[in-house]
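# Chains, contacts and geometry: an overview
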Protein chains: 2
Amino acid sequence: MTDTIKLLKAHRSIRRYTDRPVDPELFNELLRAGQSAATSSFIQATTVIRVSDADIREQFVELSGSQKYIAQAAEFLVFCADLKRNQVRSGQAEEDFSWAEQLITATVDVALFAQNMVVAAESAGLGICYIGGIRNNPDRVSELLSLPKLVYPVFGLCLGYPDQNPGKKPRLPLEPICHQDKYAKTEQFAGEIDQYDEFVRDYYVARSNGKLEFTWSEQMKKQAATQSRPFMLDFLNKKGFINK
Amino acid sequence: MTDTIKLLKAHRSIRRYTDRPVDPELFNELLRAGQSAATSSFIQATTVIRVSDADIREQFVELSGSQKYIAQAAEFLVFCADLKRNQVRSGQAEEDFSWAEQLITATVDVALFAQNMVVAAESAGLGICYIGGIRNNPDRVSELLSLPKLVYPVFGLCLGYPDQNPGKKPRLPLEPICHQDKYAKTEQFAGEIDQYDEFVRDYYVARSNGKLEFTWSEQMKKQAATQSRPFMLDFLNKKGFINK
């Protein structure tokens, strides 16, 4: 196993940071590492908004569901899928960027960039936390950051030196995750996933001193029983995505 | 700069591989590294189909636009966004997974997993190439791999030991990529992007012995002038994604 694989396998989200800032040259190296990820047909559709303004940070804390580490972390970044830059530079019409396919390529571009940046950061001793909660209110995020049409906020990212050392969250076993030559039905892995469910329950019980007690499958049930940001399709359409 | 950052910055897509296979234990370590990436609300929505069957490989070569390295690489993987597993385990209805928001979270999950796996692979001396071309014909991919509703093929990935050493493709300068506190219009970076355009033109001229000669902006224009997989929205809807 390489040192890099060890690093990847040691990932945990960090939700408490020290006051130590990120060196500006290191920060630029992280961006360059992000940019070095593959990009679909060279579109380079990632724009990172670095939020330093304390007032804007506080608004992100609130709209993301009181995630206070957004204000506390040395850096808070908003990763945007940006087809506006390509539209401007191409001289083509906005409608030429409204295909569902382009939402996929742009979103994947952003995620590959961000994950490279995360790995680079962790290799330098930083901790990170992705903030999907910024999609609780994408209209407000767009307003706060002046995002034009063809730019949408995919997720936030906290970066800073860790001030905690949480345990690693257990993942599904490999059998249900990697299939051979064709898709294998979930029911085939009932035994493995049942066992994993028990493992997850034990993990939560231990972590919460008995206050939390649920399996992975129970969590998935609870989530699915709630509407999943039902405003998202309208928002994306308004921003010029997936209109066709 | 850490060794891992050096590794990330050295990434190039590899399109020719030696015959050397990937050790099974290393392959499993790559999967575990992939799984260790962050996952939105613990959904773990990635399923990897490992395609070993030579006939299926050949069909992927053809449908992806004659990318012969798909047949040649030691491993060819199809990364799927999989909400079916969660639906089965949750006992909820398929419609509970049809929100646009869930397309985003599942797609991001897959990309973070894949990029971790790519970094792990490169750290072990392997080369990789993402294959977005599998989305040329998502219906046929679905049939070939028996993908059910709530599972869609996001991209393919070739993995193997490199038998070539291509140059690094130049990326946009940092100024237009990372903005401070609010989105900055592309026009503000006209000078930087014009300069980059010339750089990209020189890169292509050098790489192709003068046969290719275009800037980044020209490439973006050419792409935007072509319909971008116009069948994708219908396909996704049929698969149970973004119905609402």
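Attention here is on the structure that accompanies the text. Keep in mind it's a predicted model, so treat the numbers as computed, not measured.

The element strand 1 (residues 46–50) of chain A is extensively covered by neighbouring structure, given that four of its five residues are classed as buried. As paired elements, strand 1 of chain A and strand 2 (residues 75–82) of chain A share five bridges and run antiparallel to each other. Considered in strand 2 of chain A, the bridge of T47(A) is made with C80(A). Alignment of strand 1 of chain A against strand 5 (residues 178–180) of chain B, held across three bridges, turns out to be parallel. Bridging across to strand 5 of chain B, I49(A) finds its partner in H179(B).

With that settled, consider the pattern of salt bridges. Two side chains that carry opposite charge are able to pair once their charged atoms sit near each other. Under the counting rule described, the total for this entry stands at 34 salt bridges over all chains. The salt bridge partner of E29(A) is K9(B), with a shortest N-O separation of 2.8 Å. One end of the pair, E29(A), is in helix 2 (residues 24–35); the other, K9(B), is in helix 1 (residues 3–9), on a second chain. Close ionic contact of E101(A) with R229(B) constitutes a salt bridge, the shortest N to O distance being 2.6 Å.

Attention shifts here to the packing of helix 8 (residues 190–207) of chain B against helix 9 (residues 216–224) of chain B. Residue and element names in this part refer to chain B. Remark: helix 8 packs on helix 9, axes separated minimally by 7 Å, with the N-to-C direction vectors making an angle of 85°. Here helix 8 lies roughly perpendicular to helix 9, going by the angle between them. Packed against helix 8, whose contacting residues are I193, Y196, D197, V200, R201 and Y204, the element helix 9 presents W216, S217, E218 and Q219 at the interface. Tallied by class, the residues present in the contact of helix 8 with helix 9 amount to five nonpolar, two polar and three charged.

Our next topic: the relation of the copies chain A and chain B. Here the second copy of the chain follows from the first by a rotation about an axis and a shift along it. Of the transformation superimposing chain A on chain B, the axial component is 0.0 Å and the angular component is 180°, with the fit at an RMSD of 0.0 Å. When the rotation and shift are considered jointly, the pair of chain copies conforms to a two-fold rotation axis. A share of 100% of interface residues in chain A that are also interface residues in chain B marks the association as one of identical surfaces.

The next point concerns the side chain of Q219(B). By the element assignment, Q219(B) lies in helix 9. Of note is the side chain of Q219(B), whose polar atom sits 3.2 Å from the side chain of Y204(B). Those residues in contact with Q219(B) that lie beyond four places of it in its chain are F42(A), V200(B), Y204(B) and F214(B).

Before going further, it helps to spend a moment on the packing of aromatic side chains. Counted by the stated rule, this structure contains 16 aromatic pairs over all chains. A ring pair is formed by F79(A) and F113(A), whose centres lie 6.1 Å apart and whose planes are at 70°; its orientation type is edge-to-face. With F79(A) in strand 2 and F113(A) in helix 6 (residues 100–123), this residue pair connects regions lying 34 residues apart in the sequence. A cation over an aromatic ring shows up here: R50(B) above the ring of F27(B), its NZ or CZ 4.5 Å from the ring centre. In this structure, K244(B) is placed above the aromatic ring of W99(B), and the distance from its NZ or CZ to the ring centre is 4.5 Å.

Conventions used here
- Residues numbered from 1 in each chain as written.
- Chains lettered and ligands numbered in written order.
- Predicted model: local features only at pLDDT ≥ 70, side-chain atom pairs only at ≥ 80, totals over all residues.
- Heavy atoms only, no water.
- Buried < 20%, exposed > 50% of the residue type's maximum accessible area, 1.4 Å probe, protein only.
- Helix = DSSP H or I, 4+ residues; strand = E, 2+ residues; numbered from the N terminus.
- Pairing = 2+ DSSP bridges.
- Salt bridge = Lys/Arg side-chain N within 4 Å of Asp/Glu carboxyl O.
- Axes fitted to C-alpha atoms, helices over the stretch in contact; angles between N-to-C directions.
- Parallel < 35°, antiparallel > 145°, perpendicular 65-115°, else oblique.
- Contact = heavy atoms within 4.5 Å.
- Nonpolar A, V, L, I, M, F, W, Y, C, P; charged D, E, K, R; others polar.
- Least-squares fit on C-alpha atoms with pLDDT ≥ 70 in both.
- Polar contact = N/O pair within 3.5 Å; in protein donor to acceptor, adjacent residues only side chain to side chain.
- Phe/Tyr/Trp six-rings, centres within 6.5 Å; stacked < 30°, edge-to-face > 60°.
- Lys NZ or Arg CZ within 6 Å of the ring centre and 35° of its normal.

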